Amino acid sequence: GDFTILSLANVLRALRNEEEHGRFLALAADVFLEMGQMSECLLSVWDEERDGYVLAEHRSDGVRDCSNHPVLRASRRCEVSRSLQPIYDLERTPASEVLGSWGLDAASWKELEHMQYLVPIHDGKSIEGFVALASSSGIAPIKPQREALSIAAQFTGYEIGKFKS
């Protein structure tokens, strides 16, 4: 309802105003955790220098863990296709299948196996990254939460452009 719209407006303003890349990504992870009422978040973004998608943030029950993860290699950013969904239910379509359809091999990221949702972060043309979410309560986000997650992901996809050199 109104609260979701008001909080979404405040969140998007905070993301727009953040000028430091690392803090922007940490804030984005907070946003996804909070909006989806989730307990775990894995945020991956495109890294030009490393030729692929890297783990930018991993939070589980408030604890930050960005231990070493291999780069999900790609020759270039994945492109947005007509079949791209705003949010994927990973119990219906496993993360390996979703990411595989983008040309990525995520087998080495074991945390993805227990994630429940995957939200593409894109700017309408390129997939800038993705966020995978899980809830320890097992309660699925309701429709307004899913819509807010999708809006926040697309906004993050546009705003991330300000950090490109």
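Now for a description of the structure that goes with this document. (Residues numbered from 1 in each chain as written. Predicted model: local features only at pLDDT ≥ 70, side-chain atom pairs only at ≥ 80, totals over all residues. Heavy atoms only, no water.)

Here's the deal with the overall build of the protein chain
Scanning the protein chain from terminus to terminus reveals four helices and eight strands. Listing every helix and strand of the protein chain by position from the N terminus yields α-α-β-β-β-β-β-β-α-β-β-α. If you line up the protein chain on its principal axes, its C-alpha atoms span 40 × 35 × 35 Å. By the burial criterion, 49% of the 165 residues in the protein chain qualify as buried. (Helix = DSSP H or I, 4+ residues; strand = E, 2+ residues; numbered from the N terminus. Buried < 20%, exposed > 50% of the residue type's maximum accessible area, 1.4 Å probe, protein only.)

Quick notes on unusual backbone geometry
Not every positive phi belongs to a glycine, and Gln37 is a case in point at roughly 50°. You can see Gln37 is positioned in the loop between α2 (21–36) and β1 (40–47). For Asp51, which is not glycine, the phi dihedral falls at a positive 50°. For Asp51, the location among the structural elements is in the loop between β1 and β2 (52–60). You can call Asp51 partly exposed: its relative accessible area is 41%.

As for the nonpolar core
Leu25, Phe32, Met35, Leu43, Val131 and Leu133 are the most contacted members of the largest nonpolar core, which totals 31 residues. Every element with two or more residues in this core is listed here: α1 (2–17), α2, β1, β2, β7 (117–122), β8 (126–134) and α4 (143–159). Examining the composition of this core, we find that eight residues originate from one element, α2, more than from any other. Those residues within four positions of Met35 in sequence are excluded, and the remaining contacts are Leu8, Val11, Gln145, Ala148, Leu149 and Ala152. If you look at the next biggest cluster of nonpolar residues, it comprises 24 residues, including Leu90, Ala95, Leu112 and Ala134. (Core = buried A, V, L, I, M, F, W, Y, C linked by side-chain atoms within 4.5 Å. Contact = heavy atoms within 4.5 Å.)

Some words on α2
Turn by turn, an α-helix covers 3.6 residues, leaving residues three or four places apart pointing in a common direction. For α2, spanning 16 residues, the distance from its first C-alpha to its last is 23 Å, which sits close to the expected 22 Å at 1.5 Å a residue. For α2, the set of buried residues is Phe24, Leu25, Ala28, Ala29, Val31, Phe32, Leu33, Met35 and Gly36. N-capping of α2 is provided by Glu20, with a side-chain oxygen placed 3.2 Å from the backbone N of Gly22. Gln37 occupies a position one or two residues after α2 and carries a positive phi of about 50°. (Expected span 1.5 Å × (residues − 1). Polar contact = N/O pair within 3.5 Å; in protein donor to acceptor, adjacent residues only side chain to side chain.)

What to know about the packing of aromatic side chains
One pass over the full model with this rule turns up four aromatic pairs. Their ring planes at 55° and their centres at 5.1 Å tell us that Phe24 and Phe163 sit as a pair that is tilted. Residue Phe24 is found in helix α2, and its partner Phe163 is found in the segment after α4; the two are separated by 139 residues along the sequence. The interplanar angle of 70° and the centroid separation of 5.2 Å between the aromatic rings of Trp46 and Tyr53 together place this pair among those described as edge-to-face. For Trp46, a relative accessible area of 10% corresponds to the buried category. (Phe/Tyr/Trp six-rings, centres within 6.5 Å; stacked < 30°, edge-to-face > 60°.)

A closer look at the packing of α2 against α4
Look at α2 against α4: their axes get within 9 Å of each other, and the N-to-C directions meet at 170°. For the element pair α2 / α4, the angle class is roughly antiparallel. Residues Phe24, Ala28, Val31, Phe32, Met35 and Gly36 of α2 form the contact with α4, whose own contacting residues are Gln145, Ala148, Leu149, Ala152, Ala153, Thr156 and Glu159. Of the residues contributing to the contact of α2 with α4, the split by class is nine nonpolar, three polar and one charged. (Axes fitted to C-alpha atoms, helices over the stretch in contact; angles between N-to-C directions. Parallel < 35°, antiparallel > 145°, perpendicular 65-115°, else oblique. Nonpolar A, V, L, I, M, F, W, Y, C, P; charged D, E, K, R; others polar.)

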